[in-house]
Amino acid sequence: GITADPLLTATGGTFAVTYSVIENGVLLPGSHNHDTDPQLLGPPEAPLATGTWSAATTYQDEFAYHVFEDATANWTVNEHRRRLLRTPGGWFWVVSNDATHLYAYGDPDVLPAAGAAYALLDFRPAAGSVCVDRGNDQAPLRLGVDFLDVPWADAPGGDATRITDIGAFEGG
């Protein structure tokens with residue numbers, strides 16, 4: 001058989017997926033899978049914030065990040081830090097914000113124009129989600145942090161009493 005990843009394996013034309021949550025999907029063959037709402041903090045169907053840019057996006061070469069402006073926003077400083085920004089042409093990782101600006105990493109060639117729509121998303125599982133503390137702490141290819149640099153539960157700096165969450169992001 002072929003083994004490309006310890007969480008997804010194929011043997012003789014069949015496959016098994018483990019530790020996954022797919023809402024309204026097919027319950028996949030394998031262990032620890034769930035067919036239910038993962039209860040994400042800010043999924044695409046219920047973004048945390050939406051709007052349109054009041055100015056063209058700029059890219060700051062010196063710091064390698066984009067500056068997005070929504071003059072109608074009234075965000076709390078760093079309220080959207082570590083969230084994902086979806087805007088025409090790309091996805092961005094928000095590193096900080098002030099009341100009306102987001103500062104985010106992403107493709108330097110993607111510069112949304114004034115008037116372009118955006119949505120702020122958060123794919124971390126909410127408290128009470130079936131994803132929380134249901135992951136595989138023995139997965140061999142894990143880094144010490146998730147995609148947002150949050151330590152996995154059993155990583156140095158993480159909470160050793162917790163089990164890793166299912167998904168790309170540890171819950172808050």
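Novice: What's the story with the side chain of Thr100 in this structure? I'm lost.
Specialist: Looking at the element boundaries, Thr100 is found in the loop between β9 (90-97) and β10 (101-105). Among the polar contacts listed, one links the side chain of Thr100 to the side chain of His101, at a separation of 3.1 Å. Once you skip the residues sitting within four places of it in the chain, Thr100 turns out to touch Phe68, Glu69, Asp70, Ala71, Ala73 and Trp75.

Novice: Explain the packing of aromatic side chains here, please?
Specialist: Any two aromatic rings considered together are summarised by their centre-to-centre distance and by the angle between their planes. Scanning all chains against the criterion turns up 8 aromatic pairs. Judged by centre distance (5.7 Å) and plane angle (80°), the ring pair of Tyr65 and Tyr103 falls under edge-to-face. One end of the pair, Tyr65, is in strand β7 (residues 65-69); the other, Tyr103, is in strand β10, with 38 residues separating them in the sequence. Among the residues examined, Tyr65 registers a relative accessible area of 18% and is labelled buried. Where Trp91 meets Phe123, the ring centres are 6.2 Å apart and the plane angle is 40°; that geometry is what we call tilted. Taken as a pair, Trp91 in strand β9 and Phe123 in strand β11 (residues 117-125) lie far apart in primary sequence, 32 residues in all. With relative accessibility at 23%, the residue Phe123 sits in the partly exposed group. Grouped by ring-pair contacts, the aromatic residues Trp53, Phe68, Trp75, Phe92 and Tyr118 constitute a single cluster.

Novice: Looking at this structure, I do not really get the environment of Val94. What am I missing?
Specialist: Mapped onto the secondary structure, Val94 falls in strand β9. On the accessibility criterion, Val94 (0% relative accessible area) is buried. The spatial distance from the C-alpha of Val94 to the C-alpha of Tyr105 is 6.5 Å, given a sequence separation of 11 residues. Beyond its immediate sequence surroundings of up to four residues, Val94 is in contact with His80, Arg81, Arg82, Arg83, Leu85, Leu102, Tyr103, Ala104 and Leu120.

Novice: Looking at this structure, I do not really get the pattern of salt bridges. What am I missing?
Specialist: Where charged atoms from two side chains of opposite charge come close, those side chains can pair. Following the criterion strictly, the structure yields 2 salt bridges and no others. Residue Asp122 is joined to Arg124 by a salt bridge in which the shortest nitrogen-to-oxygen separation is 2.7 Å. One network of salt bridges, in which partners are shared, links Arg83, Asp122 and Arg124.

Novice: Sorry if this is basic, but what is going on with the pairing of β11 here?
Specialist: The two faces of the sheet receive side chains in turn, since in a regular strand these alternate between them. Counting buried positions along β11 gives 7 out of 9 residues, so the element sits mostly inside the fold. Direction of pairing for strand β4 (residues 40-42) relative to β11: antiparallel, over a ladder of 2 bridges. In the strand pairing of β11, Gly42 is matched with Asp122. Summarising the sheet, strand β5 (residues 49-52) and β11 pair through 4 bridges and their orientation is antiparallel. Across the sheet, the residue bridging to Gly51 is Tyr118, located in β11. Where strand β8 (residues 84-87) lies against β11, 3 bridges are found, and the strand directions are antiparallel. When the sheet's bridge partners are listed, Arg86 is paired in β11 with Ala119.

Novice: How should unusual backbone geometry be read in this particular structure?
Specialist: Glycine aside, the phi torsion of most residues is negative, and most peptide linkages are trans. Even without being glycine, Gln39 reaches a positive phi, approximately 55°. Along the polypeptide, Gln39 turns up in the loop between β3 (14-17) and β4. Given a relative accessible area of 34%, Gln39 falls into the partly exposed group. Phi at Arg82 takes a positive value of approximately 70°, unusual for a residue other than glycine. Here Arg82 is to be found in the loop between β7 and β8.

Cut-offs used in this document
- Residues numbered from 1 in each chain as written.
- Predicted model: local features only at pLDDT ≥ 70, side-chain atom pairs only at ≥ 80, totals over all residues.
- Heavy atoms only, no water.
- Helix = DSSP H or I, 4+ residues; strand = E, 2+ residues; numbered from the N terminus.
- Polar contact = N/O pair within 3.5 Å; in protein donor to acceptor, adjacent residues only side chain to side chain.
- Contact = heavy atoms within 4.5 Å.
- Phe/Tyr/Trp six-rings, centres within 6.5 Å; stacked < 30°, edge-to-face > 60°.
- Buried < 20%, exposed > 50% of the residue type's maximum accessible area, 1.4 Å probe, protein only.
- Salt bridge = Lys/Arg side-chain N within 4 Å of Asp/Glu carboxyl O.
- Pairing = 2+ DSSP bridges.

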